[in-house]
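One letter stands for each residue in the lines below.
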Amino acid sequence: MDDRRRHSALPGEPGQAPSVAKDMENRIRQARPHVTRNEDLIFEVSSPGKSGVELPPLDVPTVCAEELLGKGLHRADVEGFPEVSELEVIRHFTRLSTWNYGVDTGLYPLGSCTMKYNPRINEVVASLEGLATDHPYTPESLTQGCLRILHEAARCLAEITGMDAVSLQPAAGAQGELTGILLIRACLADRGNPRKHILVPDSAHGTNPASATISGYEVRNIKSNARGCVDLAELDRALTEDVAGLMLTNPNTLGIFETQIREISSLVHARGGLVYMDGANMNALVGVARPADFGVDVLHLNLHKTFSTPHGGGGPGSGPVAVKRGLEPYLPVPTIEQSTDGSYRLDYDRPKSIGRVRAFYGNFGVVVRALAYILANGPEGLRQTTEDAVLNANYVMSRLQDVYELPYDQACMHECVFSDRRQAARGVRTMDIAKRLIDYGFHPYTTAFPLIVSGALMIEPTESASQAELDNFIEAMRSIAAEIEEDPPFVLKAPHTTRISRLDEATAARKPLLRWKPE
Ligand SMILES: *Cc1c(COP(=O)(O)O)cnc(C)c1O
């Protein structure tokens, strides 16, 4: 094996594909031990009496901690903190930080998540003093700039979606869904026609039925047709008079645009229901198509996906809800309004509102980043972004479909979904392929979703990937397919180049050990 190849599968060198090697030994030797391998816990580095800082002696009267904190809050028995030098603590956490894989290190093709690059200008803007430090209780007269940002962001999102009004309050997509369905419920109750069911296609994201259920509805699943889309005949049958609405993702989770969306919305409306759109896939539509134009009554957006705020690891996110005029009276309070003199104010006087769904006005910092992204791109840029995202997904799809099965064989939008059927015949499933992809320096794609594809490989490159990067990814995926032909057990044991190989994921999720305790 030549030297170049020996380095090729090292972690931290995204996209370097090793060829199919002859035996496992060789391949495992490609990984060199690294200084960060097997990092001890900070508690294990600890030795009694060490200290990272040396404080000068107190030259003011000692105030009893109990007096300062109040009774019962001061404990004398706290022990077990790590005792380390400044250099030890710096090295420890700096090394740990290099274990991360993020959008800034390489391609992150996690389908349905839109892991696009987060432009640094967003961070600059969000950290401006007046924006980063303004208090939510600041009187309206002193915080006109922040209110204007919220108002402008809502206006831009209304324009992008074609809708009439927007609430920026929900903290994430799932909470936007909940809010949107509560708006439908409030509206139908107001019409004196409360209904019991929400229809959800079988390809939906799990949060859809969850949101409908939490909102007090019973969920009815509708089966997708052979194209992976809503089946009009099936929808027609399911649309009984107790159906409040349809929750639809467009493009759907297969990355396929619902071309019959107008017929679908007309049918739902004709039966007295409303159309909710899960807008998590708006990266396929922004600047090209507006949900309002194809009959959507209410949708949520994921600012942390489509509009570039960093995400993953739990937040913060933002899931604004956009509605047609008829649903506007029910929006959460407060709404942000512009008075005739041009000033901005918070409007709490909305008798039909569903109330608050979150403290204050939403995740302000996320909205600032999204607005920066929208303004930096402008209308042309946003459209270009969408077109590039769709082009990239189709490029990946067309260059992998001879090695991975494409269950719904048609042009895709911003993501494509393969099945592991061919590889499963050799005992290798989508999760195994995803684990092996880590050895090639890529973050895995989404596994096992959507549920209607057996053993799904869901790939969303986003517009951020260059062609060279996509080519590396494609080569890695093709190389893994070849490895599976040659040596399935090798792939089943991947990843080989990480510090820890296969984790027991079920136990990690069900019985996580989140706190270190001395033995
Ligand atoms: C991400 C996603 C959601 C949920 O959004 P969060 O912001 O993670 O709560 C809902 N539907 C689809 C299709 C998604 O991809």
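Residues numbered from 1 in each chain as written. Predicted model: local features only at pLDDT ≥ 70, side-chain atom pairs only at ≥ 80, totals over all residues. Heavy atoms only, no water.

A look at the sheet that holds strand β11 (residues 446-447)
Just so we agree on the cut-off: In this scheme, strands are said to pair when DSSP sees at least two bridges between them. Counting from the N terminus, the helices are the DSSP runs of H or I reaching at least four residues and the strands are the DSSP runs of E reaching at least two. Residue contacts follow a heavy-atom distance rule, with two residues in contact if any of their heavy atoms lie within 4.5 Å. Every axis in this analysis is a line fitted to C-alpha atoms, fitted for helices over the stretch in contact. Angles between the N-to-C directions lie between 0 and 180 degrees.
Pairing is antiparallel in the open sheet, where 3 strands are placed in the order β10-β12-β11. Whereas interior strands pair on both sides, the edge strands pair on one side only; in this sheet they are β10 (416-419) and β11. Both β11 and strand β12 (residues 456-459) contribute to a ladder of 2 bridges, which runs antiparallel. Of the residues in β12, the one forming a bridge with T447 is L457. Here helix α14 (residues 364-400) sits on the sheet in contact with β10 and β12, set at roughly 25° to β10.

Some words on the nonpolar core
Our working rule: As used here, the term nonpolar core means buried Ala, Val, Leu, Ile, Met, Phe, Trp, Tyr and Cys residues forming a set that is joined through side-chain atoms within 4.5 Å. The cut-offs for exposure are 20% and 50% of the maximum accessible area for each residue type, with area from a 1.4 Å probe on protein chains only; residues under the lower value are buried, those over the upper are exposed, and the others partly exposed.
In this structure, L235 and F307 are the most contacted members of the largest nonpolar core, which totals 56 residues. Contributing elements (two or more residues each) for this core: α8 (144-161), α11 (232-238), β4 (243-249), α12 (261-270), β5 (274-278), β9 (344-347) and α14. By residue number, the principal contributor to this core is α8, which donates 10 residues. F307 has contacts with L157, I160, V286, N302, R369, A370, Y373 and I374, leaving out every residue within four places of it along the chain.

Observations regarding the domain arrangement of the chain
How we decide: A domain assignment, automatic or from a database, supplies the domain bounds used here. Buried area counts how much accessible surface, traced with a 1.4 Å probe, disappears from two parts once they are put together, with both parts' losses summed. Within this document, salt bridges are pairs made up of a side-chain nitrogen of Lys or Arg and a carboxyl oxygen of Asp or Glu, the two lying within 4 Å of each other. Whenever a nitrogen or oxygen atom comes within 3.5 Å of another N or O atom, the pair is scored as a polar contact, on the condition that within protein one atom can donate a hydrogen and the other can accept it, and that pairs from neighbouring residues in sequence are kept only if both atoms are in side chains. Lys, Arg, Asp and Glu make up the charged group, whereas Ala, Val, Leu, Ile, Met, Phe, Trp, Tyr, Cys and Pro make up the nonpolar group; the residues left over, Gly among them, are polar.
Each assigned domain of the chain is listed here: domain 1 (7-31 + 379-498) and domain 2 (134-362). On a C-alpha basis, the centroid separation for the pair domain 1 and domain 2 is 33 Å. Domain 1 puts 19 residues into the contact, and the matching count from domain 2 is 24 residues. Between domain 1 and domain 2, roughly 1700 Å² of surface is buried when both sides are summed, and carbon and sulfur atoms account for 63% of that area. Applying the counting criterion to the domain 1 and domain 2 interface returns 0 salt bridges. Summed over the shared surface of domain 1 and domain 2, the result is 6 residue pairs in polar contact (both at pLDDT 80 or more). Residues of the side of domain 1 that touches domain 2, tallied by class, amount to 12 nonpolar, 4 polar and 3 charged.

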